[in-house]
Amino acid sequence: MLKLQGENQKLEKLAAILKNSGISIFEYDSEKDELVVYDHDLQIMDRIQDYVNMYVPIKSRIYPEDRKKAEELYNGIRKDPIEIREVQDDGAIRRKVIEGIWMEDSDTGRQSFVGSVKDVTQEKEKEDVLKDKIKRDALTSLYHNISGSHLIDEYLSHKDPYDSCGLVVLDIDYFKSVNDTYGHLFGDKVLKELAKLMKEQFSEEKEIILRVGGDEFVIFFKNVSNIELVRKIVELRDGISKIQFPESDYVMTCSIGVCYLPQNISGYTYNQLFENADWALYQAKEKGRNCYVFCDNLQRFEIAAENKKAEDMGIDARYLRNDVVSTAFEIFEKTHSFEVALELLMKVIGARFYLDRITVVQTNVKDKMVGKNYQWRSPRAPEVLKTNDTFTKEDFLTLFHSYDEYGTCVLQHDNMGMYSEQARRLLMQGEAKTVVYAAMYCEGQYTGAISYVVCDKKRQWSKEKLRQLSEVTKIISAHLAKNQMMNHVYQGIAPQLEHDPLTGLIAFNRFHEEVERIIVGNKESAFIMLYMDFQNFKYFNYRYGYEVGDRVLKEFCNHIIRSVEGQSDIYFTRIVADQFLLFKPTAYSAEEIEKGNIGIKEEIMGFATEQEEKFPQASLRIRTGIYYITPQCVSAGFAIDASNYARRQIKSTEKSTIKLYNDEMKKKQHLESKIINDMQSAIKNHQFKVYLQPKYSLKDSEVSGAEALVRWEREDGEILYPDAFIPVYEEYGQILDLDLYVFEQVVNFLAKNKKMGRKQVPISINASGLHGKDSKTVQKYLSVLKQYEIDSSLVEIELTETSLVQDYENIKQMFSELKERGIKIVLDDFGSGYSVLNTIVDLPIDIIKIDRGFMNSCTTSKKGSQFLEQIIKMIRQLGYGIVCEGVETIEQVEFLRKAKCDEIQGYWYAKPMPIPEYEKRFYGENGINIVDEEKPF
């Protein structure tokens, strides 16, 4: 009796919860095609016959476009919850989430779908409001510049050719004096009243209104005739003058610039229309303000301004019309004096881009000092950087990491919160409102930047304009490097060292000069170049400290010096960190070469043995690449590159620590060079093909995901597998471009599935550990997802344990950012030799993949199987998903099923296959479900 009473109480509590949460319970019998609906007391409230076949497609309130989703859910095609819209009697739309599970009656064996329906209308409305709020300016509730300009660009890129449109730039006359006279609170009220008027006069269906900053606004009119546009502008101007402010005698007026885009004219962007309208706004102010001016010729902005400025500044007008990059080349080519050419070019750039100041900024990164080399100014712009100034490392890195793909960075005076007060003063000095910094490099070294400054007001810059400034900066930077005076300056900034300060060896530049002299003049002698480094020496430093590490490097130098004592033509240098070069004479005969190799090996191994006695917990491994230099060798650079290439071929798994550069290596190096050089064209021509290898759930034997792999199908028909090009791209840093290409191909495939209504499963994409060093990686991934409108939960990023160990902190940070944005993280190759569970626990990982080799070695014995079973159990208890790869036998399948592994992947089920083959196998001609008729369960 007490037990029954307790059960009743539980049911009452459950009923109360269901009632308060707005959840309804149902049960669907697929054999009868009957839906049973329960009330909050779990009593049958309704029965609907022919529910999926008749009621859902014909009689239900479900929004027509959502009915197919509902049918798929009740037919078992969809597994995940669905969101549908319901049309109410009054025409209102309610949004609801339906979810449930399939259950089998233990007595009859019949299956039914038991689930719930929850009304999420209010939650979704709040979410929509929040999303819209993010796009808007906090003060006026109008769109801010980024979101508004994006909406306008979207419209322009898809507009009907027969549609005409107009863009208006408006700002308040003498607004600065309003703030000075009445205060900033009153100024804010003026801005809000103006925004209120524009929202009353215009609708968001026909117009896009944004506040671009300060007292400047933009109104974009969709599909408007010229006459209608004029009428609307006049009404706006008149309405503005009628706005009253009871607390003051202030009367607001505005100046308006207009750019009209007629029918049958396309290809313009927001930035281009904005620049035309902004020119018209300037003309309106010149006429006395409180008026509007049309830029009725889309080229008028450029042509009129070019001619006037050329006349005023005393320069050839064609310099303002011709391609700016060609102009830069021409000026330097035809002007004999570097200083005169640079002055003329800066004047031309200032005129073409309506700038107030251009400064060539010299930067000494080491000493954290900046100063100017050259400066051009308009009459109204003050001089800056009269003396050298200082900066902090943090501020420099903030600027350096802000450079875009063109090497440019746009700074606005009212958006400098990421910099310190000192940096804000330095970067935006001289009344600057907008500054474009374009980076300069000399022989790969950052030497400073050229600042392109606007002082009168904020300005938005198009990508094309930034690209042009970038190209011009590169030309100036190259001529600076050639100029003799600048060469002296560079020497003053970074004096050429004669000796390495740590070891006392000659500096690398001196080494290179001396060896080059011997090689070029060599007619009969033979030499060897040895490139040596300590493998993974950073871990030695990490364990024992940099002071101890430096002492070991100095002892190594002394050891090598003693070994070559008494010999002539010996040159020895430290290139960087733990990398060294040794140049010495040798003999031609094979016997002497072999003897020399043995001697080198003994000397180096002798040193490593000595150090291991001092540091028993460290395993010092010194890799040495050797190149034999004959009279046919053309340069020191070639010998250094060849010995370095031989060194890099020594893998951590090899016993030998010495490799000789030979013909086989030369061929391999040539192939690698071709692989590197052909990469961009291969990406452009889509020669890299994405293959998908499915993953299977051991719970329901369905395809639960896939891993994206890549093959290179070359023009000659040869197919290269990843091990032929991935390590090369990894070593030379080009893997980042390939990873992003594969990621985009996968997202494109997911977008195709979405469009066709197919069931989606997550696809994992491999990523290099080098992404950890790229602060823009996460944003690049998110941009691709946004472009194709794909949910981040459908992609997983896979990284190997090896990558993790090599750059732990950066990758941990990247993992955290990806996870925050809903992208799952997969740790690949677990058990391949680096696994440290306490390290993994500290990482934001979702899924761990058991390495194929680890699994195979464990499943060959009873103890190994037990060990693997415990590993799987422990990983699951830690909350990670688990995938076993390399599954190739039915015995492994059964073992992993028993061990409760989540997912499996391997040749037993399916090999990696091209996307078209994957589609045919798992989707069929028109199928939308992930099924595999061929899987060997």
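Each chain carries its own residue numbering, running from 1 in the written order of its sequence. It should be noted that, the model being predicted, local features are given only for residues of pLDDT at least 70 and side-chain atom pairs only at 80 or more, the latter also being counted only at that level, while totals for whole chains, interfaces and linings use all residues. With hydrogens and water set aside, each side-chain value is computed from the structure's full complement of heavy atoms.

J.: Residue-level account of the overall build of the chain, with values.
T.: Looking only at helices and strands, one finds 33 helices and 33 strands in the chain. For every residue, the accessible area (1.4 Å probe, protein chains only) is compared with the maximum for its type, and the residue is labelled buried under 20%, exposed over 50%, or partly exposed between those bounds. For the chain, the residues scored as buried account for 47% of the 937 residues in total. For the chain, long-range pairs separated by at least 24 residues make up 63% of all intrachain contacts whose partners lie at least 6 apart in sequence. For accessible areas, the Shrake-Rupley method is used with a probe of radius 1.4 Å. Any residue's cover is judged against the shown protein chains and nothing else. Carbon and sulfur atoms provide 50% of the accessible area of the chain, an area that totals close to 48800 Å². Where helices and strands are cited, they refer to DSSP runs of H or I of at least four residues and of E of at least two residues respectively, numbered from the N terminus. The criterion used for residue contact is that any of the two residues' heavy atoms lie within 4.5 Å.

J.: Break down the packing of helix 18 (residues 537-544) against helix 19 (residues 546-563) for me, citing the residues and quoting the values.
T.: Relative placement of two packed helices is described by the angle separating their axes and the distance separating the axes. Note on geometry: axes are C-alpha line fits, over the in-contact stretch for helices, and angles between N-to-C directions span 0 to 180 degrees. At their nearest, the axes of helix 18 and helix 19 sit 7 Å apart, and the two run at 130 degrees to each other. When the axes of helix 18 and helix 19 are compared, the pair comes out oblique. Judged by residue contacts, Phe537, Phe540, Asn541 and Tyr544 of helix 18 engage Tyr546, Val548, Gly549, Val552 and Leu553 from helix 19. We call two directions roughly parallel when the angle between them is under 35 degrees, roughly antiparallel when it is over 145, roughly perpendicular when it lies between 65 and 115, and oblique otherwise.

J.: Go over the environment of Ala351 with me, naming the residues and quoting the values.
T.: Position of Ala351 among the secondary structure elements: in helix 12 (residues 338-352). Relative accessible area serves as the criterion here: at 3%, Ala351 is assigned to the buried category.

J.: Describe the pairing of strand 28 (residues 795-800), listing the residues and the values that go with them.
T.: For strand 28, the buried fraction is high: 5 of the 6 residues fall into the buried class. Pairing geometry for strand 27 (residues 763-766) and strand 28, over 4 bridges, is parallel. Looking at the pairing, Ser764 lines up with Glu796 of strand 28. The parallel pair strand 27 and strand 28, bridged by helix 26 (residues 777-788), forms a crossover whose chirality is right-handed. One bridge is not enough; two strands pair if DSSP finds at least two bridges between them. As paired strands, strand 28 and strand 29 (residues 824-830) are joined by 5 bridges and run parallel to one another. A crossover gets the label right-handed when its path from the first strand over the helix to the second runs clockwise, viewed with the strands pointing away from the viewer.

J.: Can you explain the pattern of salt bridges? Please cite residues and give values.
T.: If the charged atoms of two oppositely charged side chains come close together, the side chains can form a pair. Put simply, a salt bridge is a Lys or Arg side-chain nitrogen that is within 4 Å of an Asp or Glu carboxyl oxygen. Overall, the coordinates contain 53 salt bridges when judged by the stated rule. Two residues, Arg211 and Asp137, come together in a salt bridge whose shortest N-O distance is 3.1 Å. Here Arg211 is found in strand 9 (residues 207-213), whereas its partner Asp137 is found in the loop between helix 4 (121-134) and strand 7 (143-144), with 74 residues between them in sequence. Asp137 carries the same exposure label as Arg211, and that label is buried. Of the charged contacts, one joins Asp356 and Arg380 as a salt bridge, the two residues approaching to 2.9 Å between their closest N and O atoms.

J.: An account of the sheet that holds strand 3 (residues 44-48) is requested, with residue identities and associated values reported.
T.: Working definition: the strands of a sheet are paired by backbone hydrogen bonds and lie parallel or antiparallel to each other. Reading across from one edge, 3-2-1-6-5-4 is the order of the 6 strands in this open sheet, with antiparallel pairing throughout. The two strands at the open ends of the sheet, each matched to only one other strand, are strand 3 and strand 4 (82-87). Strand-to-strand twist across the sheet, computed as the mean angle between neighbouring axes with direction ignored, equals 30 degrees. In this sheet, strand 3 lies alongside strand 2 (residues 34-38) in antiparallel orientation, the contact comprising 4 bridges. Looking at strand 3, one finds that Tyr38 is bridged to Ile44.

J.: Give me the packing of helix 6 (residues 175-182) against helix 7 (residues 184-201): which residues, what numbers.
T.: Between helix 6 and helix 7, whose axes approach to 7 Å, the crossing angle comes to 135 degrees. Classified by the interaxial angle, the pair formed by helix 6 and helix 7 is oblique. Contacts between helix 6 and helix 7 involve Phe175, Val178, Asn179 and Tyr182 from the former and His184, Phe186, Gly187, Val190 and Leu191 from the latter. Three classes are used: nonpolar for Ala, Val, Leu, Ile, Met, Phe, Trp, Tyr, Cys and Pro, charged for Asp, Glu, Lys and Arg, and polar for all others, with Gly counted as polar. Of the residues belonging to the contact of helix 6 with helix 7, the class tally is 6 nonpolar, 3 polar and no charged.

J.: So what's going on with the packing of aromatic side chains? Residues and values would help.
T.: Aromatic rings from Phe, Tyr and Trp, taking only the six-membered ring of Trp, are treated as a pair when their centres fall within 6.5 Å; an angle between ring planes under 30 degrees marks them as stacked, one over 60 as edge-to-face, and anything in between as tilted. In the structure shown here, the tally under the stated rule is 52 aromatic pairs. The interplanar angle of 55 degrees and the centroid separation of 6.1 Å between the aromatic rings of Phe725 and Tyr729 together place this pair among those described as tilted. Taken together, the positions of Phe725 and Tyr729, both in helix 24 (residues 722-732) and 4 residues apart, correspond to about one turn of that helix. With a centroid separation of 4.7 Å and an interplanar angle of 50 degrees, the aromatic rings of Tyr918 and Phe922 are classed as tilted. Here Tyr918 and its partner Phe922 are both found in helix 33 (residues 915-923), 4 residues apart, which amounts to about one turn of the helix. Of the two residues examined, Tyr918 and Phe922, each falls in the buried class. A positively charged side chain is recorded as over a ring if its NZ (Lys) or CZ (Arg) lies within 6 Å of the ring centre. The angle to the ring normal must also be within 35 degrees. The ring of Tyr143 carries Arg136 above its face, with NZ or CZ at 4.2 Å from the centroid. For Arg758, the ring lying beneath its charged end belongs to Tyr923, and the centroid distance is 4.4 Å.

J.: Could you give an account of helix 26, with specific residues and numbers?
T.: What a helix is expected to span follows from its residue count: subtract one and scale by 1.5 Å. Taking 1.5 Å of rise per residue, the 12 residues of helix 26 would be expected to cover 16 Å, and the 17 Å separating its terminal C-alpha atoms lies within 8% of that figure. Within helix 26, the full set of buried residues consists of Thr777, Val778, Tyr781, Leu782, Val784 and Leu785. Down the axis of helix 26, the smallest arc covering the buried residues is 155 degrees, so these residues share one side. What points out from helix 26, more than 90 degrees from its buried face, is the exposed set Lys786 and Gln787. Of the surrounding elements, those touching the buried residues of helix 26 are helix 25 (735-756), strand 28 and helix 28 (808-820). Within this analysis, the arc is defined by the directions that extend from the helix axis to the C-beta atoms.

J.: Explain the side chain of Thr408 to me, using residue names and the numbers behind them.
T.: Summarising the element assignment, Thr408 is placed in strand 16 (residues 408-412). In this view, Thr408 contacts Ser402, Tyr403, Val436, Tyr437, Ala438, Leu466 and Ser470; residues no more than four positions away in its chain are not counted.

J.: Report on the sheet that holds strand 17 (residues 434-442), specifying residues and quantitative values.
T.: Ordered by their spatial adjacency, 6 strands build an open sheet running 15-14-13-18-17-16, and the pairing between neighbours is antiparallel. Edge positions in the open sheet fall to strand 15 (389-390) and strand 16, since each of these has one partner strand only. Where strand 16 meets strand 17, 5 bridges bridge the pair, whose relative direction is antiparallel. What sits directly across from Leu411, in strand 17, is Val435. Strand contacts of helix 12: strand 13 (357-364), strand 14 (369-377) and strand 18 (445-454), with the helix running at about 70 degrees to strand 14, the strand carrying the most contacts.

J.: Please provide a residue-by-residue account of the state of the cysteines, values included.
T.: Disulfides are defined as cysteine sulfur pairs within 2.5 Å. Counting across every chain of the model gives 0 disulfides. We note that Cys165 lacks a disulfide partner, and the nearest cysteine sulfur, in Cys259, lies 8.3 Å from it. A relative accessible area of 0% means that Cys165 is categorised as buried. Unpaired in terms of disulfides, Cys295 finds its nearest cysteine sulfur in Cys259, a separation of 5.4 Å.

J.: Explain the pairing of strand 2 residue by residue, including any values.
T.: Buried residues dominate strand 2, accounting for 4 of its 5 residues. Pairing of strand 1 (residues 23-29) with strand 2 involves 5 bridges; the strand directions are antiparallel. Paired with Tyr28 across the bridge in strand 2 is Leu35. Between the antiparallel neighbours strand 1 and strand 2 lie 4 residues, among them Asp33 with a positive phi of about 55 degrees.

J.: I'd love a proper account of the confidence of the model for the chain, names of residues and values included.
T.: Low pLDDT means the predicted coordinates in that region are not meant to be read closely. Residue-level confidence of the predictor is summarised by pLDDT, bounded by 0 at the bottom and 100 at the top. Confidence in the prediction for the chain averages 83 pLDDT; 88% of positions are at 70 or higher. The secondary-structure element of the chain with the lowest mean pLDDT is helix 16 (residues 484-493), recorded at 38, while strand 10 (residues 216-221) shows the highest, at 96. Every residue in residues 1-6 scores below 50 in pLDDT, and together they form 0 contacts with partners more than four places removed in sequence or on other chains.

J.: Which residues make up helix 12, and what are the values?
T.: Relative to the 21 Å expected for 15 residues at 1.5 Å per residue, helix 12 spans 21 Å between its end C-alpha atoms, a close match to the ideal helical length. Turning to helix 12, its buried residues are Phe338, Ala341, Leu342, Leu345, Met346, Val348, Ile349, Gly350 and Ala351. Phi turns positive one or two residues past the end of helix 12, at Tyr354, with a value near 55 degrees.

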